[in-house]
Structures are given as structure tokens and as C-alpha cells.
Amino acid sequence: MENIKKDTVVAYYDEIAGSYDESRFGNSYGRFIDAEERRILDGLFPGDKQERRLELACGTGRLTNYATDALDASAEMLAIARPRHENVAFVQASADDTGFEDASFDAVYTFHLLMHLDPAVIVGIFREAHRILKPGGRFVFDIPSKKRRRMLRHRQESWHGGTELSGEDVGRLAGEDFLIQSSFGILFLPVHRLPDGIRGRLLDLDYKLANGKWKENSSYLVFELVKR
């Protein structure tokens with residue numbers, strides 16, 4: 001897959017901002033993913049803990065309730081997110097060049113971002129997250145599982161969701177800057193192939209399977225890194 005410029009990704013999300021929520025999360029499959037992501041975030045970011053948290057690539061604000069600050073490069077996405085979260089400070093900027101001061105945040109998190117980016121840009125985001133996190137601060141993100149895709153012989157035909165990583169890949173990206181504190185799986189079962197009516201009833205089972213012995217066989221992995 002050829003390298004994709006960040007401007008291409010931003011222009012794409014500017015164009016679909018108005019229909020994004022309904023098209024991605026207004027169906028039983030999208031609600032399934034949303035529920036599993038929130039289950040993980042509820043455990044990582046309890047509401048009674050006072051932290052300054054930044055969401056990178058907040059989009060329309062679907063998961064911004066966990067943040068005190070939020071950032072996106074898309075003006076159209078931010079126009080939707082801002083009215084939904086009046087107590088959150090929003091900034092239009094790139095995730096690898098946020099403009100925040102060093103050691104500003106207790107936690108940085110992002111979902112559905114790294115999967116669209118070239119490895120060099122991901123390295124830049126890791127560096128930026130490390131810079132703006134306080135010592136011991138946490139960086140939380142999701143990524144498609146390389147092991148799952150190899151097992152299913154997945155063939156990627158576009159930049160959208162085109163990047164995948166394994167636990168070993170994340171360890172190399174973390175390097176000496178981060179320690180992998182924990183990891184989680186999302187979507188172990190082929191939910192997209194199951195009837196709409198039974199998907200919701202499989203949430204607990206899927207979460208158990210996705211976070212068991214074969215975690216890396218899940219469709220997506222979520223990592224919690226701690227700044228060294």
C-alpha cells in the first residue's frame with residue numbers, strides 16, 4: 001500500500017463528518033464495537049479519578065466524555081463534537097504536533113486513528129504522546145490485530161484501516177519510552193456475519209473470549225502504555 005499523506009485522511013473525514021455517526025455507529029455492529037470500547041475505557045478511566053486527559057482524533061466526540069481536552073485535525077468533525085461536550089477544551093491540530101507543553105497530561109488516548117496512518121506518522125504520534133505526558137502518564141490506543149489479519153489472509157486495498165500491529169510491534173514502538181502496562185481485545189467473534197438480533201446478547205461472551213488466552217486473535221487490540 002502506498003504512503004498516504006495526512007491531508008488525504010483529514011479531507012476524507014471533513015467530507016463524511018455529517019454522516020459519520022449514523023453510518024459507523026448507528027447500527028448493531030457499530031453499537032457492539034462502541035460498547036466494548038467503552039467497557040475498556042470505563043475500567044481504565046474511572047470517573048472519580050481527577051486527571052487531565054487528552055483525546056487525539058476525537059472526531060465527532062463519541063468517546064470524548066472520558067477527556068478534559070480533545071484534538072482533531074478535521075474542522076468539520078470538531079464542529080459536531082464541540083456542542084456535545086461543553087466542558088471539554090477542543091483544539092484543531094495534528095496528533096503528532098499537538099502544540100501542548102511538555103508533561104501536560106496524565107493520560108492520552110485515541111481510537112480509530114493509528115489504523116489509518118503510515119508507520120512513520122505513528123512513530124511521530126508515539127513521540128508526541130511521550131512528550132506531553134507527565135512521568136508515569138498513560139497512552140491508550142487501538143489497532144487492528146496483525147495476527148488476526150494474517151490468520152484470515154486479509155487483503156488490504158486502501159489506506160482506510162490499512163495499518164495493523166502485533167504485540168511485538170507495539171513493544172518495538174514503545175522502546176525505552178514506554179512500558180506496556182496492559183492490553184485488551186475487541187471483536188473476537190465474527191459479529192458482522194451474525195444476525196442483527198443476536199449481536200447484543202453476545203457482548204459478554206465476546207469480551208471474555210477477546211480477553212482470554214487467544215487475545216491477539218481478536219479483530220482489534222487496545223494497549224495501555226505507561227511513560228517511563
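In what follows, the structure referred to is the one given above.
Computed from a prediction, not measured in an experiment: that's the story for all the values here.

J.: I tried to follow the overall build of the protein on my own but got confused; where do I start?
T.: Scanning the protein from N- to C-terminus turns up eight helices and seven strands. For the protein, the C-alpha radius of gyration of 17 Å lies close to 17 Å, the compact-globule estimate for 228 residues. When its C-alpha atoms are laid out on the principal axes, the protein stretches across 45 × 45 × 40 Å. Here the protein, with 228 residues, has 50% of them falling under the buried criterion. Put simply, of all contacts in the protein between residues at least 6 apart along the chain, 71% involve residues at least 24 apart. Per element, the accessible surface of the protein, about 11,400 Å² overall, is 49% carbon and sulfur. Averaging the coordinates of the 32 positive side-chain charges in the protein and doing the same for the 36 negative ones gives two points 6 Å apart.

J.: Can you walk me through unusual backbone geometry in this structure?
T.: Of all residues except glycine, most have a negative phi; of all peptide bonds, most are trans. Unlike most non-glycine residues, alanine 57 shows phi in positive territory, near 55°. Considering the arrangement of structural elements, one finds alanine 57 in the loop between strand S1 (53-56) and strand S2 (69-72). When its relative accessible area of 22% is taken as the criterion, alanine 57 is described as partly exposed. We note that alanine 103 has phi near 50°; this positive angle belongs to a residue other than glycine. Among the structural elements, alanine 103 can be located in the loop between strand S3 (89-92) and strand S4 (105-110). Overall, alanine 103 belongs to the partly exposed group, its relative accessible area being 37%.

J.: What exactly am I supposed to notice about helix H2 (residues 28-44) here?
T.: Helical geometry: 3.6 residues make up each α-helical turn, so side chains three or four residues apart lie on a common side. For H2, with 17 residues, the first-to-last C-alpha span of 25 Å sits near the 24 Å given by 1.5 Å per residue. Within the sequence span of H2, burial applies to Ser28, Gly30, Phe32, Ile33, Asp34, Glu36, Glu37, Ile40, Leu41 and Leu44. On its buried side, H2 packs onto helix H1 (6-25), strand S5 (133-144), strand S6 (178-186), helix H7 (196-199), helix H8 (203-210) and strand S7 (220-227).

J.: What is the right way to look at the environment of serine 145 in this model?
T.: Looking at the secondary structure, you find serine 145 in the loop between S5 and helix H5 (146-151). In this structure serine 145 comes out as buried when scored by relative accessible area, which is 0%. As for serine 145 and threonine 60, which are separated by 85 residues in sequence, their C-alpha atoms are 25 Å apart.

J.: What am I meant to see in the nonpolar core here?
T.: Buried together is how nonpolar side chains tend to be arranged in soluble globular proteins. Grouped together as the largest cluster of nonpolar side chains are 29 residues, with contacts concentrated most on Leu114, Ile125, Phe139 and Leu225. Sorting the residues of this core by element identifies S1, S4, helix H4 (119-132), S5, helix H6 (167-174) and S7 as the ones contributing at least two each. It is H4 that provides the largest number of residues to this core, a total of six residues. Setting aside residues up to four positions removed in sequence, leucine 114 forms contacts with Ile122, Ile125, Phe126, Phe141, Asp142, Ile143 and Thr163. The next biggest cluster of nonpolar side chains, apart from the first, holds 21 residues, and it includes Leu44, Leu63, Ala67 and Val191.

J.: What's the story with the sheet that holds S1 in this structure? I'm lost.
T.: Each strand in a sheet pairs with another by means of backbone hydrogen bonds, the pair being arranged parallel or else antiparallel. Read from one edge of the open sheet, seven strands run S3-S2-S1-S4-S5-S7-S6, paired in mixed fashion. Of all strands in the sheet, those with a lone pairing partner are S3 and S6, marking the two edges. Averaged over neighbouring strand pairs, the angle between their axes works out to 15° when direction is ignored. Most of the contacts of helix H3 (residues 75-84) go to S3, to which it runs at about 170°, and overall it touches S2 and S3. Strands in contact with H4 are S1, S4, S5, S6 and S7; relative to S5, the strand with the most contacts, it is inclined by about 150°.

J.: I would appreciate a short explanation of the pattern of salt bridges in the present structure.
T.: Overall, the coordinates contain 17 salt bridges when judged by the stated rule. In this structure, the salt-bridge partner of arginine 53 is glutamate 51, at a minimum N-O distance of 2.8 Å. Looking at arginine 53, the relative accessible area reads 6%, which means it is buried. Among the residues examined, glutamate 51 registers a relative accessible area of 15% and is labelled buried. Taking the shortest distance from any N to any O, the salt bridge between glutamate 164 and arginine 149 comes out at 3.5 Å. One end of the pair, glutamate 164, is in the loop between H5 and H6; the other, arginine 149, is in helix H5, and 15 residues separate them in sequence. One network of salt bridges, with partners in common, ties together Asp34, Glu37, Arg38 and Arg62.

Reading guide: rules and limits
- Residues numbered from 1 in each chain as written.
- Predicted model: local features only at pLDDT ≥ 70, side-chain atom pairs only at ≥ 80, totals over all residues.
- Heavy atoms only, no water.
- Helix = DSSP H or I, 4+ residues; strand = E, 2+ residues; numbered from the N terminus.
- Rg over C-alpha atoms; globule rule 2.2 N^0.38 Å.
- Buried < 20%, exposed > 50% of the residue type's maximum accessible area, 1.4 Å probe, protein only.
- Contact = heavy atoms within 4.5 Å.
- Areas by Shrake-Rupley, 256 points an atom, 1.4 Å probe, with all protein chains shown as cover.
- Lys, Arg positive; Asp, Glu negative; His and termini not counted.
- Charge placed at Lys NZ, Arg CZ, Asp CG, Glu CD.
- Expected span 1.5 Å × (residues − 1).
- Core = buried A, V, L, I, M, F, W, Y, C linked by side-chain atoms within 4.5 Å.
- Pairing = 2+ DSSP bridges.
- Axes fitted to C-alpha atoms, helices over the stretch in contact; angles between N-to-C directions.
- Salt bridge = Lys/Arg side-chain N within 4 Å of Asp/Glu carboxyl O.

None of this, on its own, says anything about what the molecule does.
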